[in-house]
Amino acid sequence: MILLGVILLAIGLVTGVSFLWTVGIVLALIGLTLLIMGSLGHEVAGRRHYW
């Protein structure tokens, strides 16, 4: 999810499409949040680790 967010950020930046930029930021933030929660030992969506 983080990788997809970064790809959308790059595409949005190059093409100037603000919608892709916004979706990219949201996906990257959600991915980082899930990664941090998983690395701290909290279960995320029923899993002990989130990849």
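Higher on the page you've got the structure.
Below is a summary of the structure that appears in this document. (Residues numbered from 1 in each chain as written. Predicted model: local features only at pLDDT ≥ 70, side-chain atom pairs only at ≥ 80, totals over all residues. Heavy atoms only, no water.)

This paragraph deals with the overall build of the protein. Regarding its fold elements, the protein presents two helices and zero strands. Residues counted as buried form 22% of the 51 residues belonging to the protein. A separation of at least 24 residues holds for 22% of the contacts in the protein among residues at least 6 apart in sequence. (Helix = DSSP H or I, 4+ residues; strand = E, 2+ residues; numbered from the N terminus. Buried < 20%, exposed > 50% of the residue type's maximum accessible area, 1.4 Å probe, protein only. Contact = heavy atoms within 4.5 Å.)

Take the packing of helix α1 (residues 2-15) against helix α2 (residues 18-39) next. Across the interface, α1 lies against α2 with an axial gap of 7 Å and an inter-helix angle of 160 degrees. Put simply, α1 runs roughly antiparallel to α2. By crossing handedness, the relation of α1 to α2 is classed as left-handed. The segment α1 lies against α2, with I2, L4, G5, L8, L9, I11, G12, L13 and T15 engaging L20, W21, V23, G24, I25, L27, A28, G31, L32 and L35. Considering only residue class, the contact of α1 with α2 consists of 14 nonpolar, five polar and no charged. (Axes fitted to C-alpha atoms, helices over the stretch in contact; angles between N-to-C directions. Parallel < 35°, antiparallel > 145°, perpendicular 65-115°, else oblique. Left-handed = near helix turned anticlockwise from the far one by under 90°. Nonpolar A, V, L, I, M, F, W, Y, C, P; charged D, E, K, R; others polar.)

Take α2 next. Counted at 1.5 Å a residue, the expected span for α2 with its 22 residues is 32 Å, and the 32 Å between its end C-alpha atoms agrees. Taken together, the buried positions of α2 are G24, L27, A28, G31, L34 and G38. One side of α2 holds all its buried residues, which, seen down the axis, span an arc of 130 degrees. Opposite the buried face of α2, by more than 90 degrees, sit the exposed residues S18 and L29. (Expected span 1.5 Å × (residues − 1). Arc of directions from axis to C-beta.)

With respect to the helices and strands, M37 occurs in helix α2. Excluding residues that lie within four positions of it along the chain, M37 makes contacts with H42 and V44.

The end-to-end C-alpha distance of α1 is 20 Å, a good match for the 20 Å that 14 residues give at a rise of 1.5 Å each. Residues G5, L8, L9 and G12 constitute the buried set of α1. Buried positions in α1, seen along its axis, are confined to an arc of 105 degrees and lie on one side of it. Opposite the buried face of α1, by more than 90 degrees, sit the exposed residues L3 and V14. Where α1 is buried, its residues touch α2.

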